[in-house]
Amino acid sequence: MKSAYLRYALATACLTMIGATAGAQMKDNAEKELNCSHRWHNDGSESYCEMKELSAPVTGHLSVDGGTNGGAAVRGWNRNEILVRAQIQTWAVTDSEAKALAGQIRIETAGSRIQATGPRSEGKAGWGVSFEIFVPHRTGVSAKTHNGGVSLSDLRGEIEFEALNGGVSLKRLAGAVHGRTTNGGLNIELAGDRWDGDRLEAATTNGGVHLEVPSDYSARLETGTVNGEVRVDFPVTVRREIGRNFATTLGKGGPTVRVTTTNGGVRISRKS
């Protein structure tokens, strides 16, 4: 009985240490970056910008829709609360019309979905909303944008992303992560000594890929391109190679990290 208890205690301690090691790699993001210092400018139109901050209920999973015009950035922090910062940008023929249009934009944070709603863009009048959202580290995220980038950092969970016209930044993530962008690059930063979770799969159709890997990282790495070059800034042993696609085992191996592009180059470098 005593022996069984000791085995249980040791196993629990090991799991706690693994979780603490993984969590230590994540940063506490508290600095607000999104603001109105950079506005959109449309020919023949006047622009207006304002910021709004709202809270949202803490849930295990969050869905973010950037709408037609707007980006989405979701960052993990140490607080058990969700802060939504919305950058509302409008444009119209006159300043007063652009400002009035901003008053018609509504930011919805009910349930687990965050999105903006407003009137239909017509002629020289239109609008867009970009989000900067701070959530607890262990939050799953689904992020979707049409004309805007996606940035996800310091999160662990079921994570999905989809962008049409915009780059994607993934930093210090864990769990099951997959998604793609059509027109935009992929910038990915790994952390720790192996992937903490199921796997990472990220792809782009038109754009380059840059993957930063810690020096002592263990994983099964798969990457490649159809039209472009693959550059690895450190020695690897290629296990499978077909044209510009290859697979290799880093360190002791582990979950799969797969990053690919169709039209663009691939660079894999050591994290400085």
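Quick note: structure is the one above.
Conventions adopted
- Residues numbered from 1 in each chain as written.
- Predicted model: local features only at pLDDT ≥ 70, side-chain atom pairs only at ≥ 80, totals over all residues.
- Heavy atoms only, no water.
- Phe/Tyr/Trp six-rings, centres within 6.5 Å; stacked < 30°, edge-to-face > 60°.
- Lys NZ or Arg CZ within 6 Å of the ring centre and 35° of its normal.
- Buried < 20%, exposed > 50% of the residue type's maximum accessible area, 1.4 Å probe, protein only.
- Helix = DSSP H or I, 4+ residues; strand = E, 2+ residues; numbered from the N terminus.
- Arc of directions from axis to C-beta.
- Contact = heavy atoms within 4.5 Å.
- Pairing = 2+ DSSP bridges.
- Axes fitted to C-alpha atoms, helices over the stretch in contact; angles between N-to-C directions.
- Polar contact = N/O pair within 3.5 Å; in protein donor to acceptor, adjacent residues only side chain to side chain.

(A) Fine view of the packing of aromatic side chains. Going through the model one piece at a time under the given rule, you end up with 1 aromatic pair. Geometry around Phe-234 places Arg-270 over its ring, the cationic atom sitting 3.8 Å from the centre.

(B) Just helix α2 (residues 95-102), in detail. When α2 is considered as a whole, its buried residues turn out to be Ala-98, Leu-101 and Ala-102. The buried residues of α2 occupy one face: seen down the axis, they fall within an arc of 105°. Set apart from the buried face of α2 by more than 90 degrees, the exposed residues are Ser-96 and Lys-99. Against β1 (46-56), β4 (82-92) and β7 (126-136) lie the buried residues of α2.

(C) Molecular detail of the sheet that holds strand β15 (residues 209-213). Taken in spatial order, the 10 strands of this open sheet run β1-β4-β7-β3-β9-β11-β13-β15-β21-β17, and their pairing is mixed. With one partner strand each, in any of the chains shown, β1 and β17 (230-232) form the two edges of the open sheet. Taking each pair of neighbouring strands and ignoring which way they run, the sheet shows an average axis angle of 10°. Here β17 runs beside strand β21 (residues 266-270); their pairing, made up of 3 bridges, is parallel.

(D) The arrangement of the side chain of Gln-89 in detail. Locating Gln-89 in the fold gives a position in strand β4. A distance of 3.0 Å separates a polar atom in the side chain of Gln-89 from a polar atom in the side chain of Gln-87.

Worth remembering: the numbers are spatial, not functional.
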